[in-house]
Amino acid sequence: MKPLAEGWTLPCSWYTDPLIFQQEQQVIFQRTWQYVGTIAQVAQVGDYFVTQCGTVPIAIVRDRSHILRAFINVCRHRVAEVVQGSGNCSMLQCPYHGWTYGLDGHLHSAPRCEQEANFNAAELSLISVRIDCWGPFIFVNLDSAAVPLQDYLGELPDLIRTVGIDINSLQLRQHTSFDMAANWKVIAENFLECYHCPMNHPAFCQLIDTAPTVYQFRVSDRLLITTAPLRHSPIEAYPTDGAVSDSLYVLLYPNCTFEVYPGQENLSVYRFDPVSCDRTFGRLDYFFPPGTSLEFELKLTAFLNEVGMEDVPLVESVQRGLQSNGVPQGHLVLGSEGLIHQFQMQIYQDLHCSYTIG
Ligand code: FES
Ligand SMILES: [Fe+2]
């Protein structure tokens, strides 16, 4: 392996090897805080929705004491998924054999088990997972020893506040998703540079100034941060009048981004979940405060959906290149792709303890 410090990328095999994918699940996705949704989705007692931490299925539930809970959404009987989708219920019932759990996760009833020897319902509660909130956003973490969410977020709340966003006023207004034939790291790396923007995002480049002199990036703990101004004479894909003057793009390691665009208050949160080595499912939530003009909301989200769609063929092309075994490692342009370098250094650091580099 050629050194990352000289601008070489991670080995291409790290994007195609199932063993690496498995290691990433254990040492990255099972140890980091993951954005899963909003408090409004579980406002009432009995409200629930399913999500995942990496590939581990998770259920988020509001219990009878109004406490927000997260469980591994796997039945303690023969490990079927307990609930699907979202809704409201008084109990969580597994559809396979009907074991029923209270909203606080305890095993309430299990048909025919009263007479079983060695059957102790108290040992068979749903497994709880750490859950915490930042404003309206819910995060979960499978690692009981992980740092508190507030520490994990670092300066992210300050950054969002400083560009003019009051997160407590935000409401989820639109949602879209992307099913991509690419490794999750390719999606992150595509987000972390705008070197590809002039060739691939014409409307974006007519609006945002992507010149290297003003398109600036830095690292702060687990945050990979980019700031960029509006062009002096932008061609506007949406009306840019409003309190927010600059754009802000932040990747919260490993797989969640927070983006703010110039104009009225807005925030888009994008989480891309690894499905397999070569499959990633992206969920994009658009937030606006009440009173936002409908024109701004519709035009901004249409613009961002278009930019998102422009990226899909790019990341899928990269994945085909990675799978070709034609090139062992790529080479970065560090002046424009410094954040990718930082991201890959973190992946390397997280994985190399548990993986022998061949
Ligand atoms: S697997 Fe859930 S009740 Fe049997
Ligand atoms: Fe892009």
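Everything below is about the structure printed above this text.
Presented here is a report on the structure given in the accompanying data block. (Residues numbered from 1 in each chain as written. Chains lettered and ligands numbered in written order. Predicted model: local features only at pLDDT ≥ 70, side-chain atom pairs only at ≥ 80, totals over all residues. Heavy atoms only, no water.)

1. Overview of the coordination of the iron ion (ligand 2)
Rule in force here: Coordinating donors are taken as N, O and S atoms within 2.8 Å of the metal, stretched to 3.2 Å for Na, K and Ca; because water is absent from the atoms, sites can appear incomplete. Only four donors with every angle between 85 and 135 degrees are called tetrahedral; only four or six donors with opposite donors over 155 degrees apart and all others between 65 and 115 are called square planar or octahedral, in that order; all others are irregular. Accessible area is worked out with a 1.4 Å probe on protein chains only. A residue is then buried under 20% of its type maximum, exposed over 50%, and partly exposed in between.
Those donors, His196 (NE2), His201 (NE2), Asp311 (OD) and Asp311 (OD), are the protein atoms that reach the iron ion (ligand 2), and they lie 2.0 to 2.6 Å from it. Taken together, the four donor atoms coordinating the iron ion (ligand 2) and their angles of 55 to 149° define a geometry best described as irregular. All donors of the iron ion (ligand 2) belong to a single chain; written as a sequence motif, their spacing is H-x4-H-x109-D. Take His196 and His201: they sit in the same class, and that class is buried.

2. Notes on the sheet that holds strand S11 (residues 137–141)
Where we set the bar: When DSSP finds two or more bridges between a pair of strands, those strands are recorded as paired. We count a stretch as a helix when DSSP gives it H or I for four or more residues in a row; a strand needs E for two or more, and each element gets its number in order from the N terminus. What counts as an axis is a line fitted to C-alpha atoms, over the stretch in contact for a helix, and the angles between N-to-C directions run from 0 to 180 degrees.
Read across the sheet, seven strands follow the order S2-S11-S10-S5-S4-S3-S6 without closing on themselves; strand pairing throughout is antiparallel. In this open sheet, the two edge strands, each paired with only one partner strand, are strand S2 (34–38) and strand S6 (86–88). With strand direction ignored, the average angle separating the axes of adjacent strands in the sheet is 30°. Note: S2 against S11, four bridges, orientation antiparallel. Bridge pairing in S11 links Gln34 to Val140.

3. Considerations on the packing of helix H1 (residues 18–29) against helix H8 (residues 334–352)
Stated precisely, the cut-off is as follows: Should an angle fall under 35 degrees it is taken as roughly parallel, and over 145 as roughly antiparallel, whereas 65 to 115 is taken as roughly perpendicular and any remaining angle as oblique. The contact criterion used throughout is that any non-hydrogen atoms of two residues lie within 4.5 Å.
The geometry of H1 relative to H8 is characterised by a closest axis approach of 9 Å and an angle of 90° between their N-to-C directions. As summarised for this structure, H1 and H8 are arranged roughly perpendicular, according to the angle between their axes. Listed contacts from H8 to Ile20, Gln23, Glu24, Val27 and Ile28 of H1 are Ile347, Asp350 and Leu351.

4. Things to note about the packing of helix H4 (residues 184–191) against helix H7 (residues 294–323)
Where we set the bar: In this scheme, a crossing is called left-handed if the near helix is turned counterclockwise away from the far one by less than a right angle; it is called right-handed if the turn is clockwise. Following the grouping adopted for this structure description, the nonpolar residues are Ala, Val, Leu, Ile, Met, Phe, Trp, Tyr, Cys and Pro, the charged ones are Asp, Glu, Lys and Arg, and the polar ones are all others, Gly among them.
Relative to each other, H4 and H7 sit at 130°, their axes nearing to 10 Å. Here H7 runs oblique to H4, going by the angle between their axes. Helix-helix and strand crossings are classified by hand; for H4 and H7 the assignment is right-handed. Residues Val186, Ile187 and Asn190 of H4 lie in contact with H7, whose contacting residues are Asp311, Leu314, Val315, Val318, Gln319 and Leu322. Here the contact of H4 with H7 is composed, by residue class, of six nonpolar, two polar and one charged.

5. Focus: the environment of Cys89
Tracing the sequence through the fold places Cys89 in the loop between S6 and strand S7 (92–93). Sequence separation between Cys89 and Gly102 is 13 residues; the distance between their C-alpha atoms is 9.8 Å.

6. Looking at the pattern of salt bridges
What counts, and what does not: Salt bridge, as used here: a side-chain nitrogen of Lys or Arg that lies within 4 Å of a carboxyl oxygen of Asp or Glu.
This structure, assessed with the given rule, holds nine salt bridges. The closest approach of N and O atoms between Arg218 and Glu155, which form a salt bridge, is 3.0 Å. With Arg218 in strand S13 (residues 216–220) and Glu155 in the loop between helix H2 (149–153) and helix H3 (156–162), this pair connects stretches of sequence that are 63 residues apart. Of the residues examined, Arg218 reaches a relative accessible area of 38% and is grouped as partly exposed. Using a relative accessible area of 25% as the deciding quantity, one classes Glu155 as partly exposed. Note that Arg173 is salt-bridged to Glu297, the shortest N-O span being 3.0 Å. On the criterion of sequence distance, the pair formed by Arg173 in strand S12 (residues 171–180) and Glu297 in helix H7 is long-range, its members being 124 residues apart. A relative accessible area of 42% means that Arg173 is categorised as partly exposed.

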